Amino acid sequence: ILSADSYFMKLKLLYLHNKNPLISSHFIDLFVCIFFSSRVLECQGLPIVNGQCDPYATVTLAGPSRSEAKKTKVKKKTNNPHFDEVFYFEVGWDYLFLIFIYYESFKIICFYYRVDLWNASNLKFGDEFLGELRLPLKFLRQSSSYEAWYFLQPRDNGNKSLKPDDLGSLRLNVVYTEDHVFSSDYYSPLRDLLLKSADVEPVSASAAHILGEVCREKQEAAIPLVRLFLHYGRIVPFISAIANAEVKRTQDPNTIFRGNSLTSKCIDETMKLAGMHYLQVTLKPIIDEICQVHKPCEIDPVKLKDGENLENNRENLRQYVDRIFTVITKSGVSCPTVMCDIFFSLRESAAKRFQGDLDVRYTAVSSFIFLRFFAPAILSPNLFQLTPHHPVSNVSEKYICKFKDLCMLNDCLCEELGRCGRNSAIVEKMFLDLISSSGRRDHKSIEQPILLKEGFMIKRAQGRKRFGMKNFKKRWFRLTNHEFTYQKSKGDHPLCSIPIENILAVERLEEESFKMKNMFQVIQPERRVLYIQANNCVEAKDWIDILTKVSQCNKKRLTVYHPSAYLNGHWLCCKATADNTPGCTPCTGGLPANIQLDIDGDRETERIYSLFNLYMPKLEKMQEACGSKSVYDGPEEEEYSTFIIDDPKETYKTLKLIIEGVGTLEQEHAQYKRDKFKKTKYGSQ
């Protein structure tokens, strides 16, 4: 760990190297991950508001162009809460350079922690503000860890009549962590061991599963594991493997995926990373309206204000819930492919394990998409970037809390909407069918076709080799989860039907092909291509996105295509004369809703190494448990009962490889620190 002075000097050279290739490549091997961790320990003497105190804290790392907030759990019925929760704030390269600039100008004081204390309340007035603490980061220049008690202060726009002494105090622990990431070859043994976890039998003997067993919190292991497996395209088989193992251990279908297991935490983290755009396009418009329009929705007679009418409020609430229900159940086609693939795996595992329960394939998926994805986003939209901050409006917060209860799509929802329970259940199941099957090979396993999109567009007659305006006809196009059809007008018999599994690619068509804008092509087997012109660029993009979405997992999808048409005996793009010539351009095949993250696999492996190193005593204890189970198959000793060990021999082999890999990396880190200590002198690079 370098001193502040030498660290910032090294950072400056790295930044210049990125901008100027003439700078020596000597510094390219140094890559530093900066984390600030803040442990909120406890509070004392918080004020009691309205006879109760259910406190929680929000922690924010703020600075130039930066504000990131985390939230603790609520501690019930105490004004001396013990939180003891740790939050990590990662500082990216852009912020690191800002820190460097401000450090050089002696202005690092502008980076600070802010901790706000709140009293969670069910009253219509919302949560009460208890006090705040602002802590500049300049004190970390003298030490890497800092712990102290602080008096809570009033907010700038808070109650000025309160004195600081009336607000209680907060003990905060802030830690500065700097990890050195080596070049990729250093991590190959540990990384390869982790990536093959999905193929290990049983999966409980895999390195990734063992990490979840030894970590204090499953979330601690899930974050770097999900990012690593996403980066290398192995997230679906990994989650499928651990989910299948968990389902086999589940005895009651009503408790499936209800615990905070490694499976649940990994799926939560995947949805958080992959589903942000999905939430934006689905919920943001209605959330914005809820927060801006002040329609009374209180349906508790005891809490009605003067002049409010219970029936009017109930109708307002019905309208909002109806729209929430509609936008969610119509959003299946926007669900990211990686989420669809995971849901398909959950559905298949649950249906196979509990064959007598026909609804388990739906509840296995709904427990994630509704309870762990949509409901938290509605309850806390600021945490999902749906609003810029936590709603403080009494009306807004009341609405959002109410929607959280109603958007589970259960009997309460049906009652509020005044619908027939059977019809609502059918709509819900159609949605769950779509998000867990739309990208799969079993399109026709869905009980009935689901209309995804329809409308008039212009098509060119298939098979025509020469260009001519008479070849273009206006047709009514209709897309379901089963097929893509067109007919002369709406309601007519289809002139052509293309099964979804026959769509090999959907790509834009260059304007030069027919001198027409907003065109795209649907490629079918035997190189048959359907050329279509949409009415505008937005509609063209929508059709390309939705057609790509429903066909994205087709087995024979193309990897290359021709961006121009085949006319007058040759392809206009590459001039090839044979009409069956393979494409000359890579297929795009991506959607905005699909995940495209800038993940560094080496950094995530370094983080996993750090966790294994931190929990080395537990790894060694798990080794002892494997030995004990191998030689004695009697009642399990209490000290070993916390570990899941299905195959002691395989688990022992994996543990041995983990400990060896961690030990090798530990030696490399120790040598790196010794070398740095020798080379670090005042005035040197």
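Residues numbered from 1 in each chain as written. Predicted model: local features only at pLDDT ≥ 70, side-chain atom pairs only at ≥ 80, totals over all residues. Heavy atoms only, no water.

- An unreviewed UniProt entry annotates the protein chain as RAS p21 protein activator 3 originating from Accipiter nisus.

**Thoughts on the overall build of the protein chain**
At step 1: A tally of helices and strands in the protein chain yields 18 helices and 19 strands.
At step 2: Looking at the protein chain as a whole, 50% of its 685 residues qualify as buried.
At step 3: Split by element, the accessible area of the protein chain, about 33700 Å² in all, is 51% carbon and sulfur. (Helix = DSSP H or I, 4+ residues; strand = E, 2+ residues; numbered from the N terminus. Buried < 20%, exposed > 50% of the residue type's maximum accessible area, 1.4 Å probe, protein only. Areas by Shrake-Rupley, 256 points an atom, 1.4 Å probe, with all protein chains shown as cover.)

**Thoughts on unusual backbone geometry**
At step 1: Following glutamate 201, the chain continues into proline 202 via a peptide bond in cis, with omega recorded as -10°.
At step 2: Along the chain, proline 202 falls in the loop between helix H3 (188-195) and helix H4 (207-214).
At step 3: For asparagine 568, which is not a glycine, the phi torsion comes out positive at approximately 55°.
At step 4: Tracing the backbone shows asparagine 568 in the loop between strand S17 (566-567) and strand S18 (570-571).

**Quick look at the pattern of salt bridges**
At step 1: The tally for this structure, following the rule as stated, stands at 17 salt bridges.
At step 2: A salt bridge links arginine 318 to glutamate 315, with the shortest nitrogen-to-oxygen separation between them at 3.6 Å. With a gap of three residues between them, arginine 318 and glutamate 315 both fall in helix H9 (residues 310-329), about one helical turn apart.
At step 3: Judged by relative accessible area, arginine 318 falls into the partly exposed class, the value being 26%.
At step 4: Connected through shared salt-bridge partners, Arg227, Arg603 and Glu604 make up one network. (Salt bridge = Lys/Arg side-chain N within 4 Å of Asp/Glu carboxyl O.)

**Description of the packing of helix H5 (residues 218-231) against helix H7 (residues 262-274)**
Axes are the key here: two packed helices are described by the angle between their axes and the distance separating the axes.
At step 1: It is at 9 Å that the axes of H5 and H7 come closest, and there the two elements cross at 55°. Taken together, the axes of H5 and H7 are oblique relative to one another. As for how H5 packs across H7, the hand of that crossing is right-handed. On H7, the residues that touch Lys218, Gln219, Ala221, Ala222, Ile223, Leu225, Val226, Arg227 and Leu230 of H5 are Leu262, Lys265, Cys266, Glu269, Thr270 and Leu273. (Axes fitted to C-alpha atoms, helices over the stretch in contact; angles between N-to-C directions. Parallel < 35°, antiparallel > 145°, perpendicular 65-115°, else oblique. Left-handed = near helix turned anticlockwise from the far one by under 90°. Contact = heavy atoms within 4.5 Å.)

**Digging into the packing of aromatic side chains**
At step 1: Evaluated as defined, the whole model comprises 16 aromatic pairs.
At step 2: Summarising the aromatic geometry, the rings of phenylalanine 373 and phenylalanine 374 are spaced 5.2 Å apart at their centres and angled 70° between planes, so their arrangement reads as edge-to-face.
At step 3: Judged by its relative accessible area of 0%, phenylalanine 374 is buried.
At step 4: Clustering of aromatic rings is evident, with ring pairs tying together Phe182, Tyr186, Tyr187 and Tyr672.
At step 5: Just above the ring of tyrosine 320 sits the side chain of lysine 295; from NZ or CZ to the centre is 5.9 Å.
At step 6: Here the guanidinium or amino end of lysine 474 rests over the ring plane of phenylalanine 456, the centre of that ring lying 5.3 Å away. (Phe/Tyr/Trp six-rings, centres within 6.5 Å; stacked < 30°, edge-to-face > 60°. Lys NZ or Arg CZ within 6 Å of the ring centre and 35° of its normal.)

**Remarks on the environment of glutamine 153**
At step 1: By secondary structure assignment, the location of glutamine 153 is in the loop between strand S7 (145-151) and strand S8 (169-181).
At step 2: For the pair glutamine 153 and arginine 134, spaced 19 residues apart in sequence, the C-alpha separation works out to 8.6 Å.
At step 3: A polar contact is formed between the side chain of glutamine 153 and the backbone oxygen of phenylalanine 151, at a distance of 3.4 Å. (Polar contact = N/O pair within 3.5 Å; in protein donor to acceptor, adjacent residues only side chain to side chain.)

**A word on the pairing of strand S10 (residues 472-480)**
At step 1: Strand direction decides the pairing type here: strand S9 (residues 451-460) and S10, joined by nine bridges, are antiparallel. In the strand pairing of S10, leucine 451 is matched with threonine 480.
At step 2: As judged from the four bridges shared by S10 and strand S11 (residues 483-487), these two strands associate in the antiparallel manner. What sits directly across from leucine 479, in S11, is phenylalanine 484.
At step 3: If you look at the hairpin formed by S10 and S11, you'll find two residues sitting between the two strands. (Pairing = 2+ DSSP bridges.)

**What to know about the packing of H4 against H5**
At step 1: It is the contact of H4 with H5, at a shortest axis distance of 7 Å, that shows an interaxial angle of 155°. It follows that H4 is roughly antiparallel to H5 by the angle criterion. The handedness of the crossing between H4 and H5 is right-handed. The segment H4 lies against H5, with Ala208, Leu211, Gly212 and Glu213 engaging Lys218, Ala221, Leu225 and Phe229.
At step 2: Residues belonging to the contact of H4 with H5 are distributed by class as follows: five nonpolar, one polar and two charged. (Nonpolar A, V, L, I, M, F, W, Y, C, P; charged D, E, K, R; others polar.)

**Some words on the environment of alanine 69**
At step 1: Within the element layout of this structure, alanine 69 appears in strand S3 (residues 66-71).
At step 2: Residue class for alanine 69 comes out partly exposed when judged on its relative accessible area of 42%.
At step 3: Distance in space between the C-alpha atoms of alanine 69 and valine 59 is 5.4 Å, their sequence separation being ten residues.
At step 4: Among all residues touching alanine 69, those that are not within four sequence positions of it are Val59, Thr60 and Leu383.

**Digging into the side chain of glutamate 42**
At step 1: Residue position: glutamate 42 is located in strand S1 (residues 31-44).
At step 2: In this structure the side chain of glutamate 42 is engaged in a polar contact, spanning 2.6 Å, whose partner is the side chain of arginine 171.
At step 3: Residues contacting glutamate 42, with those up to four places away along its chain left out, are Pro81, His82, Phe83, Trp149, Ser169, Leu170 and Arg171.

**Thoughts on helix H15 (residues 537-551)**
At step 1: In this model H15 runs 21 Å from its N-terminal to its C-terminal C-alpha over 15 residues, within 8% of the 21 Å that 1.5 Å per residue would give.
At step 2: With eleven of 15 residues buried, H15 lies mostly within the body of the structure.
At step 3: For H15, every residue scored as buried is listed here: Glu539, Ala540, Trp543, Ile544, Asp545, Ile546, Leu547, Thr548, Lys549, Val550 and Ser551.
At step 4: On its buried face, H15 is in contact with helix H10 (337-353), S9, S10, S11, strand S13 (505-508) and strand S14 (519-523).
At step 5: Two to three positions downstream of the cap, the backbone nitrogen of valine 538 sits 3.1 Å from a side-chain oxygen, assigning the N-cap of H15 to asparagine 536. (Expected span 1.5 Å × (residues − 1).)

**Structural notes on the pairing of S11**
At step 1: Burial of S11 is extensive: four of the five residues sit out of reach of the surface.
At step 2: Of the strand pairs in this sheet, S11 and strand S12 (residues 496-499) are connected by four bridges, and their pairing is antiparallel. Of the residues in S12, the one forming a bridge with tyrosine 486 is cysteine 496.

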